[in-house]
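# A structural walkthrough
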Amino acid sequence: VSTNLPIVATRSTARNRDRLAAVGFLAPSAASFVLFVLVPTIGVIYLSLFDWNLISNGRFVGLDNFAKLISDKRLWAVYGSTAYMAIAILTINVVIGLGLAVLLETRMPRILRTTFRLSYLFPFVVSASAVALIWRFLLNKDFGVLNYWLGLVHVPRIDWLGASAWAPISVIVVNSWKTLGFSILVYVAGLRAIPAEYHEAAIVDGAGAWGRFRHVTLPLLSPTVLFLIVINTISAFQLFAEPRVLTQGGPGDASRSIVEYMYDAAFQSFQLGYASAIAVTLMVVLIVLTALQFAVSRRWTFYS
Amino acid sequence: VRAAAPVDAVAYHDKVLRFRGRLAKLGVIFVLAIAAIAIAAPFVWIVRGALSPNDGEFFRIPPTLFPDDPTLDNFGKALAKVPFAKFVLNSLIVAGTITIAQLVTCSTAAYAFARLRFRGRDVLFAIVIVSLMIPIQVTIVPLFLVMAKLHLTNTLWSLILPPVFSAFGIFFLRQHFLSLPRELDEAATIDGAGHARIFFSVLLPLSVGALATLGIISFTYWWNDLLMPLVMINDAATQTLPVGLVLLAGRFSTGSLTTIAAGITMAIVPVLIVFLLLQRYIVQSIAQAGLKL
C-alpha cells in the first residue's frame, strides 16, 4: 500500500500542473473568444429584439423584428437567390472539382501537372473584388469579350449582369471560377491518400476503370466529399464580394446574397435591430445545415 | 506463314489498344488545358488592358495577345488617383498581424486541448466546434458597435482584433498535435521539462509545416476580405486593397478603364510572385487542411 502512495501523489501533482498550465495556455484564445465571439453573438441576439437606427434610442420590441422578417417578401426572395447560388456553387465545386482532380491524377508529364495545378489554384489567392472587377469587364453586354465570342457562334448578346435570369448565373460562374482550384487540390490530396493496394486488388478482381472509381475511389473519398460540402456550404452562404462588385445584388434581388441584404439593412438604412434579426436567421441556417450534413453523412461516408 | 497470323492479330490488337490509350491521354490533357486556359486568360487579358494606351485598344475586338503601342502610363495614373501604396501597406499590416496573432492563440489553445487534462475540457472544445459555424458576417453588427464604442473604427485595429480568435485554427492545430507521439512529451517530462518547455521546444519545432499551413490560409483569407474593411473603415487612407480597388473602379474613377486595369494588375502581380515562390507550401497547406479535418 505504502508503495502506491508516491504514485498517487505524482498523479495528483500532474493533475494540478495540468490545470494550472491549462489556464495559461487557454488565456489568449479565451480572452479573444469572449470579446470577439461570445459577446458579439449574445449581442446580435440581444440587438435583434430592438428597433434601433443609431440616431434615436433603441426601443425593445420583443420578437417584432422576426415577425416582420416572416412577412418580408424581400427576405424570402434573397434567401431564395442565396440558396440557388449556394447550391450551384456547391455542386460545381463538388462534382466538376472531382472530375478535374481525377483527370489531374492520371499519368502525365510532371511539368504539365504542376502547370495545371498552379493555374487552377491561382484565382483562389486573388482577392474576390479584383476577380469580380475583371469579370465585370468580360461580362459586359456591349463590349465584353464573352459576348463577342458567343456572337461568333451566332448566340445573341446576353445581358450577363443586368438580366435577372443571368445575373445569379454570373455570380455562380465567377465564384466557382475562383474557388474550384481549392476543391480540386483537396480532392487530389484525398485521392493520393487512397492506398494503391485497394486499386490493385480491384484490378485483380477484374474491375474496370469505372468500377474502380465507383467501388474503391468514391467510398474512400467520402470524408473528403463531406469536408468539401461543409466548407463550400458555409462559404457559399458568406457570399458577399462577388454580387456586391458584379451586380450590386440586382436586378431586383435576383443575385443578392443574404450577407449583402444584412449589410444594406445595417449600414445603408441603419436598421441595426432588423439587420441583427437577419444575422440571427443566418446563424440558425448555418448551424442547422452543418448539423444536417454531419447527420446525413453518417449514412454514406466511409472512414477506413 | 499461317502460324504467324494469330501473332499478327494480337500485335494489331495491342497496337489498337495502345493507340486508344494514347488518344484517351491526349483527351484528358486537352480537357485539363482548356480549363487552365479558361482560368488564366482573364488575368492575361487584364494585364493587356493595363498596358493598352486607351480604352479602345483595351476592348479591341477580337482581342490580341499584345496591345498596339503598349504604355506604362496607366500605372502612374492609377497611383495618382488613389493612395495605392497605402492600401497595400494597410493590407499587409492587417493580414500579417491577424496571422501572427492567430498562430499564437490557436497553437496555445490547441496544446491545451490536445495535451492537458483538466475539468471542462470537452465542453470547452465543443464550444470551439460550435463557434466554427458562426462566421464573422453573423456578428458584424455588434462587432461594429463595440469597435465604435472603443473609438477604433477607422483604425486598422478594428480589422485586426475581431479575427484574433479562430475556431478553425484551434481545431486544425489540435488535430496536428494529436498526431504527434505522446512519448516525446513523456521523455521531456522525465528530463524535467514543464508544459511550457514541451510546447516550445518539443511540439512547436515539429509543427512548422502545420503552422505554415494555418498561416497561409489565414493570411490569404484576410488579405482578400471585403466586408470588414467596408464596414469598419470610412477613410480612404486607412482602407485595404480589396476596397481600394473598388474605390478606384467606382467613386474615384474618371472614365478611363485602362487605369482600373492598371490598378487590378498592380494588386494581382505581387500576389502572383508570392504565389509562385510559395506554391509548394500553398499546395501542401490546402492538401493538409483537407486531409486533417
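Details of the structure are given in the entry above.
Residues numbered from 1 in each chain as written. Chains lettered and ligands numbered in written order. Predicted model: local features only at pLDDT ≥ 70, side-chain atom pairs only at ≥ 80, totals over all residues. Heavy atoms only, no water.

Helix and strand content of chain A: twelve helices and two strands. Helices and strands appear in chain A in the N-to-C order α-β-β-α-α-α-α-α-α-α-α-α-α-α. Taken over the C-alpha trace, chain A has a radius of gyration of 25 Å; the compact-globule value for 304 residues is 19 Å, which it surpasses by more than 25%. If one aligns the C-alpha atoms of chain A with their principal axes, the spans along those axes are about 90 × 70 × 35 Å. For chain A, the residues scored as buried account for 51% of the 304 residues in total. For chain A, the exposed surface amounts to about 14600 Å²; the carbon and sulfur share of it is 68%. Counting 23 positive and 14 negative side-chain charges, chain A places the averaged centre of each group 6 Å from the other. (Helix = DSSP H or I, 4+ residues; strand = E, 2+ residues; numbered from the N terminus. Rg over C-alpha atoms; globule rule 2.2 N^0.38 Å. Buried < 20%, exposed > 50% of the residue type's maximum accessible area, 1.4 Å probe, protein only. Areas by Shrake-Rupley, 256 points an atom, 1.4 Å probe, with all protein chains shown as cover. Lys, Arg positive; Asp, Glu negative; His and termini not counted. Charge placed at Lys NZ, Arg CZ, Asp CG, Glu CD.)

Now for the interface of chain A and chain B. Counting from both sides, the interface comprises 81 residues of chain A and, opposite them, 84 residues of chain B. Summing both sides of the interface, chain A and chain B together bury roughly 7600 Å²; the carbon and sulfur share of this comes to 83%. By the criterion of area lost to chain B, the three top residues of chain A are A:Phe25, A:Phe36 and A:Phe137, representing 10% of everything that side buries. Viewed at the interface, chain B and chain A are joined by zero salt bridges. Inspection of the chain A/chain B interface yields eight residue pairs in polar contact (both at pLDDT 80 or more). Among the elements that make up the side of chain A that touches chain B, the one with the highest residue count is helix H1 (residues 4–47) of chain A (19 residues). (Contact = heavy atoms within 4.5 Å. Buried area = accessible area lost by both parts, 1.4 Å probe. Salt bridge = Lys/Arg side-chain N within 4 Å of Asp/Glu carboxyl O. Polar contact = N/O pair within 3.5 Å; in protein donor to acceptor, adjacent residues only side chain to side chain.)

This brings us to the environment of A:Ala165. You can see A:Ala165 is positioned in the loop between helix H6 (145–152) and helix H7 (167–192). Separated by 86 residues in the primary sequence, A:Ala165 and A:Pro251 place their C-alpha atoms 9.3 Å from one another.

Our next topic: helix H3 (residues 73–81) of chain B. All names here are of chain B. Among the residues of H3, Asn74, Phe75 and Ala78 are the ones counted as buried. The buried side chains of H3 occupy one side of the element, clustering within an arc of 100° when seen end-on. Facing away from the buried surface of H3 by more than 90 degrees, the exposed residues are Asp73 and Ala80. (Arc of directions from axis to C-beta.)

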